[in-house]
Amino acid sequence: MNILYYYHDACGLGDFYLLFPIFNSLRDKHKKDNITLLSRSEIKDLALNKNWFDNFVDTESAEYPMHNYDKVYTWDIQRNGITIFYQSKMHFWDIVASNFDVVIDRSKFSDIFQLDLTADEKHQVDQILPKDKTNIVIHTGHSYKFPYGKTPDYEWWYNLVSSLPNYNFFQVGTKQEPPIDRPSRIVPDFDISLPNCYDLRDVLNLRQVAYIIEKTNTFIAIDSIVAHLSLHSNKTGVVIWGSSNSRTHGHEHNINLEAIRHCGKSPCIDLGGFVVSDDRNQSCCLMPEAAKPDSWPLVEEIKYEIEGIINESSVL
């Protein structure tokens, strides 16, 4: 049987990485079948050397040949009953496994989420990191990246980095501008221009981001692919949660700190599109124009947690 996995360009990088256990279970289910992944090239790169896909078709050049396959899996997580606002006591993996009628084996997670790097890719990262410093990875996102309400504003991040002048920060993410000709959730991350913050946005591929998290002391990130990439090494970091749900997308090895929603409402309703036009949600306290300064965890709280992680790791 010929099977197609279609991962739409608008779907998130983090969700694809979190689907690894599902792909692993489906490979067991379809041992003798030929599986083709239809996605953008960076998705293929993230799954380098995984045996879950036999072929790859790039959405940049594909004509979406759905009719050539006996079975098509469309990996649109929203259409399968889960968004970052999904109010459930179930985790992402349990929800998706139930939807696709597979069983996932958590005892294999350390192997499943391990990413392969070449020697040159590791060397590039190793050359960046000073050996005699405390090194921290950060991923800030941007206030106007949809879905909204996932990150504090620029000033919050600037104050955090400047308050820890003896630590080196390595900023990962993107400074890429969104394409004009098609829908996108791409927005350049904040540019934290400080002497102790090194800009690695768009310098490293995603597998290298996982590796630099492994090789640094800790990380600070919003709910994003960067936070999920900590599964590669189970490195403990601080993850800041605003509009999204730590109970659905969070990981136990991290310190998960949630923003306070003063208004008691979700900051926006993800209707599956790219622009939220529902005026009822534009006044939420986590929206960029309406954000209250005391919604997000205090910088002092982040510093306390970071210093605790670093002190504990130095003892070990």
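Residues numbered from 1 in each chain as written. Predicted model: local features only at pLDDT ≥ 70, side-chain atom pairs only at ≥ 80, totals over all residues. Heavy atoms only, no water.

Colleague: What exactly am I supposed to notice about the overall build of the protein chain here?
Modeller: Looking only at helices and strands, one finds 11 helices and 10 strands in the protein chain. Within the protein chain, the proportion of its 316 residues that are buried is 53%. Residue pairs at least 24 apart in sequence account for 69% of intrachain contacts in the protein chain once pairs closer than 6 positions are excluded. Of the roughly 15,100 Å² of accessible surface on the protein chain, 48% is carried by carbon and sulfur atoms. (Helix = DSSP H or I, 4+ residues; strand = E, 2+ residues; numbered from the N terminus. Buried < 20%, exposed > 50% of the residue type's maximum accessible area, 1.4 Å probe, protein only. Contact = heavy atoms within 4.5 Å. Areas by Shrake-Rupley, 256 points an atom, 1.4 Å probe, with all protein chains shown as cover.)

Colleague: So what exactly am I meant to see when it comes to the sheet that holds strand E2 (residues 34-39) here?
Modeller: Hydrogen bonds between backbone groups are what pair the strands of a sheet, and the pairing can be parallel or antiparallel. The four strands are arranged E3-E2-E1-E4 in an open sheet whose pairing can be described as parallel. This sheet does not close on itself; its edge strands, each paired only once, are strand E3 (55-58) and strand E4 (71-74). Neighbour-to-neighbour, the strand axes of this sheet turn through a mean angle of 20°, independent of strand direction. Sheet topology note: the strand E1 (residues 2-6)/E2 ladder contains five bridges and is parallel. When the sheet's bridge partners are listed, Leu4 is paired in E2 with Thr36. (Pairing = 2+ DSSP bridges. Axes fitted to C-alpha atoms, helices over the stretch in contact; angles between N-to-C directions.)

Colleague: When you look at the pairing of strand E8 (residues 218-222) in this model, what are you seeing that I'm missing?
Modeller: As a general feature of sheets, a regular strand has side chains that alternate between the two faces. Buried residues dominate E8, accounting for five of its five residues. Taking every second residue as pointing to the same face, both faces of E8 are buried, with Thr218, Ile220 and Ile222 on one and Phe219 and Ala221 on the other. Note: strand E5 (residues 134-139) against E8, four bridges, orientation parallel. Its bridge partner being in E8, Ile138 is matched across the sheet by Ile220. The pairing of E8 with strand E9 (residues 238-241) spans three bridges and is parallel. Note that in E9 the partner of Ala221 across the bridge is Val239.

Colleague: Would you explain the sheet that holds E9 in this entry?
Modeller: Across the sheet, six strands lie side by side as E7-E6-E5-E8-E9-E10; this open sheet has parallel pairing. The sheet terminates laterally at strand E7 (197-199) and strand E10 (255-258), the two strands that pair on one side only. Each adjacent strand pair in this sheet contributes to an overall mean axis angle of 20°, direction not counted.

Colleague: Before we go on, may I ask you to explain the pattern of salt bridges in this structure?
Modeller: Where charged atoms from two side chains of opposite charge approach closely, those side chains can pair. Summed over all chains, the structure comprises 11 salt bridges. The shortest N-O distance in the salt bridge between Arg207 and Asp45 comes to 2.9 Å. Separated by 162 residues along the polypeptide, Arg207 in helix H8 (residues 206-215) and Asp45 in helix H3 (residues 41-46) bring together distant segments of the chain. With a relative accessible area of 27%, Asp45 lands in the partly exposed category. (Salt bridge = Lys/Arg side-chain N within 4 Å of Asp/Glu carboxyl O.)

Colleague: Whenever I open this one, H8 confuses me. Can you help?
Modeller: For an α-helix, 3.6 residues make a turn, and residues three or four places apart therefore share a direction. Buried residues dominate H8, accounting for eight of its 10 residues. You can read the cap of H8 off the contacts: a side-chain oxygen lies 3.1 Å from the backbone nitrogen of Arg207, and it is on Asn205. (Polar contact = N/O pair within 3.5 Å; in protein donor to acceptor, adjacent residues only side chain to side chain.)

Colleague: What should I look at first to understand the nonpolar core in this one?
Modeller: Most often, soluble globular proteins have nonpolar side chains that are buried together. The biggest cluster of nonpolar side chains holds 57 residues, and the ones touching the most others in it are Tyr5, Phe16, Phe20, Trp75 and Leu229. If you tally residues by element for this core, the top one is H8, at six residues. Discounting chain neighbours no more than four positions away, the residues touching Phe20 are Leu46, Ala47, Lys50, Trp52, Ile112, Phe113 and Leu115. Counting residues in each nonpolar core, the second largest holds 27 residues, with Cys285, Trp296, Ile306 and Ile310 among its members. (Core = buried A, V, L, I, M, F, W, Y, C linked by side-chain atoms within 4.5 Å.)

Colleague: Which parts of the structure should I look at to understand the packing of helix H2 (residues 20-29) against helix H4 (residues 92-100)?
Modeller: To describe two helices that pack against each other, one gives the angle between their axes and the distance between the axes. Packing of H2 against H4 leaves a shortest axis separation of 10 Å and a crossing angle of 30°. As judged from the angle between their axes, H2 and H4 are roughly parallel. The interaxial crossing formed by H2 with H4 has right-handed handedness. Here Pro21, Ile22 and Lys29 of H2 lie close against H4, whose contacting residues are Trp93, Val96, Ala97 and Phe100. Tallied by class, the residues present in the contact of H2 with H4 amount to six nonpolar, no polar and one charged. (Parallel < 35°, antiparallel > 145°, perpendicular 65-115°, else oblique. Left-handed = near helix turned anticlockwise from the far one by under 90°. Nonpolar A, V, L, I, M, F, W, Y, C, P; charged D, E, K, R; others polar.)

Colleague: Would you take a moment to explain the side chain of Thr174 for this structure?
Modeller: On the secondary structure map, Thr174 appears in the loop between strand E6 (167-171) and E7. Given a relative accessible area of 17%, Thr174 falls into the buried group. At a separation of 3.0 Å, a polar atom in the side chain of Thr174 contacts the side chain of Asp202. Setting aside residues up to four positions removed in sequence, Thr174 forms contacts with Val187, Pro188, Asp189, Arg201 and Asp202.

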